[in-house]
Amino acid sequence: MLFTLKKRIILLLFSLLLIFLVVFCNVAKASTFTDTFSGIINFFSTKIIGQVKNDFCKNYILSLSTGEWKDGELRSNLGKRFCTSYSVPADTTAKINKTTLQNLNGNSGISNTELPNTSSINNPEPDIYVTNVGVGGGDLNASQIITLTNNARKSNDPSLIDLKYNSVLSNIAEVRVKDMFAQQYFEHNSPTGDNASKEAVKNGYSYITIGENIALGNFNGSEGLVNAWMDSPGHRANILNKNYTEIGVYAVQGTYNGQTVWIATQIFGKPMAGCTSPDTVLKDKIAQYKYSADGILNNIKTIDTELKTISATDTQTYNSKVAERNTLAGLYNNLASEIKARVADYNKEVSAYNTCIKTI
């Protein structure tokens, strides 16, 4: 990672202190103080100043990309002045070579994988009725229904995890049951268009997938209800769905079409919180870097066009333009390396997220 300018200044001051100590300890051994001082200045200019300049120029182009440095600022003006030096020796007669550019075609390696739909809902046909709606049957208990549901999952597939109770899902289940009694319907979608998915949004439950089982009638207690659901292919599939991690249940007795019956609802869910979304800030930063890289590349292409018009005998002018191009190419290649590294990080996040939300 590049040092910040503040850290570089601290490092520079520390280096000056070390140089002073070296001078102090060795000046007596040197043939002359002038020789020692000259060597120190040479070391300082080639090693310390050179490294600081290189890091500053890298920070310059990357910070312009992110918008952290604005045109007209002192540091930006210094960057324009010190990071675009195109001078070449006056006595150069051979043509210097143009720096090769890194390949940043297409989306610069950014994954084109679309994130899967995260609004799926599984609602089997509401066929859980009983013929003996006039019979009292047994009471239904939400806690028992959850325990029996998890037992059914384990007995059918030991690899399935237990569904954890979620109070928000239970609230949604309660709203759905009471609404069915209030409006006298028995469907996954109310006459006004409400459903479990919309209730999840209203209650702030961000989900990857959600499902609903409903039942109406009088059952032989909670066990009879769960058995009835397990005997129905669609409801059974919901109970045994490996993608669900949470559950909420509500059951209450009321009047439906003039008869006293129970309506029970199971709401299954896998919350979005269980999967970390790819970093949108990182994606935006990649786009900013790419925009800057494209701008530099356009300048390089302009110089390449100009080079074709320069006389073959005018080596000095040609080399000056190539040196200008090579400086831009260096900045471009540094930026390209940064883009590729960040793209790799982003693609890992996308891959992990897609794996997490994958459903069948």
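Calculation notes
- The written sequence of each chain sets the order in which its residues are numbered from 1.
- Totals for whole chains, interfaces and linings use all residues, but because this is a predicted model, local features are given only for residues with pLDDT of at least 70 and pairs of side-chain atoms are given and counted only at 80 or more.
- Derived side-chain values reflect all non-hydrogen atoms in the structure, with water molecules and hydrogen atoms excluded from consideration.
- By convention, a stacked pair of Phe, Tyr or Trp rings (six-membered ring in the case of Trp) has centres within 6.5 Å and planes under 30 degrees apart, an edge-to-face pair has planes over 60 apart, and any other such pair is tilted.
- Under the scheme used here, helices are H or I runs from DSSP no shorter than 4 residues and strands are E runs no shorter than 2 residues, and both carry numbers assigned from the N terminus.
- Think of it in three bands: residues with accessible area under 20% of the maximum for their type are buried, residues over 50% are exposed, and the middle band is partly exposed, with areas taken using a 1.4 Å probe on protein chains only.
- The rule for a salt bridge is simple: a side-chain nitrogen of Lys or Arg has to be within 4 Å of a carboxyl oxygen of Asp or Glu.
- Buried residues of nine kinds, namely Ala, Val, Leu, Ile, Met, Phe, Trp, Tyr and Cys, make up a nonpolar core once their side-chain atoms join them within 4.5 Å.
- With axes taken as lines fitted to C-alpha atoms, and helix axes fitted only over the stretch in contact, angles between N-to-C directions fall between 0 and 180 degrees.
- The scheme is simple: roughly parallel for angles under 35 degrees, roughly antiparallel for over 145, roughly perpendicular for 65 to 115, oblique for anything else.
- In this scheme the crossing of two helices becomes right-handed for a clockwise turn of the near helix relative to the far one and left-handed for an anticlockwise turn of less than a right angle.
- Contacts: residue pairs with any heavy atoms within 4.5 Å of one another.
- Each residue gets one of three labels, nonpolar for Ala, Val, Leu, Ile, Met, Phe, Trp, Tyr, Cys and Pro, charged for Asp, Glu, Lys and Arg, and polar for the others, Gly among them.

Draft legend 1. Representation of the packing of aromatic side chains. In total, this model carries one aromatic pair according to the counting rule given. The interplanar angle of 20 degrees and the centroid separation of 5.1 Å between the aromatic rings of tyrosine 244 and phenylalanine 268 together place this pair among those described as stacked. In this pair, tyrosine 244 is assigned in the loop between helix H8 (233-239) and strand E4 (246-256) and phenylalanine 268 in strand E5 (residues 259-271), connecting sequence segments 24 residues apart. According to the relative accessible area criterion, phenylalanine 268 is buried, its value standing at 0%.

Draft legend 2. Structural view of unusual backbone geometry. Of note, glutamine 184 is a non-glycine position whose phi angle comes to about 55 degrees, a positive value. By the element assignment, glutamine 184 lies in the loop between helix H5 (167-183) and helix H6 (196-202).

Draft legend 3. Inspection of the environment of threonine 260 at higher detail. Topologically, threonine 260 is positioned in strand E5. For threonine 260, a relative accessible area of 45% corresponds to the partly exposed category. Counting along the chain gives 43 residues from threonine 260 to glycine 217, while the straight-line C-alpha distance between them is 8.4 Å.

Draft legend 4. A look at the pattern of salt bridges. Counted according to the given criterion, the structure contains 10 salt bridges. Linked by salt bridges that have partners in common, Lys98, Asp304 and Arg325 make up one network.

Draft legend 5. Quick look at the environment of asparagine 171. Among the secondary structure elements, asparagine 171 is positioned in helix H5. By relative accessible area, which is 39% here, asparagine 171 ends up partly exposed.

Draft legend 6. Just the environment of glutamate 174, in detail. Along the chain, glutamate 174 falls in helix H5. On the basis of relative accessibility, which here comes to 24%, the residue glutamate 174 falls in the partly exposed class. Here the alpha-carbon distance between glutamate 174 and glycine 248, two residues 74 residues apart in the chain, equals 9.0 Å.

Draft legend 7. Focus on the nonpolar core. Core analysis: the biggest nonpolar cluster contains 23 residues, and Ile296, Tyr332 and Ile339 have the highest contact counts within it. Of all the elements, helix H10 (residues 315-357) adds the most residues to this core, at 12 residues. Formed by 20 residues, the second largest nonpolar core is a distinct cluster that contains Phe181, Phe186, Tyr207 and Ile210.

Draft legend 8. Inspection of the packing of helix H4 (residues 142-156) against helix H7 (residues 221-230) at higher detail. Relative orientation of the contacting elements H4 and H7 amounts to 45 degrees, with a least axis distance of 9 Å. Regarding the angle of H4 to H7, the classification is oblique. Crossing angle aside, the handedness with which H4 passes H7 is right-handed. Between H4 and H7, the contacting residues are Gln144, Ile145, Leu148, Thr149, Ala152 and Asn156 on the first element and Ser222, Glu223, Leu225, Val226, Trp229 and Met230 on the second. Taken together, the residues that form the contact of H4 with H7 break down as seven nonpolar, four polar and one charged.

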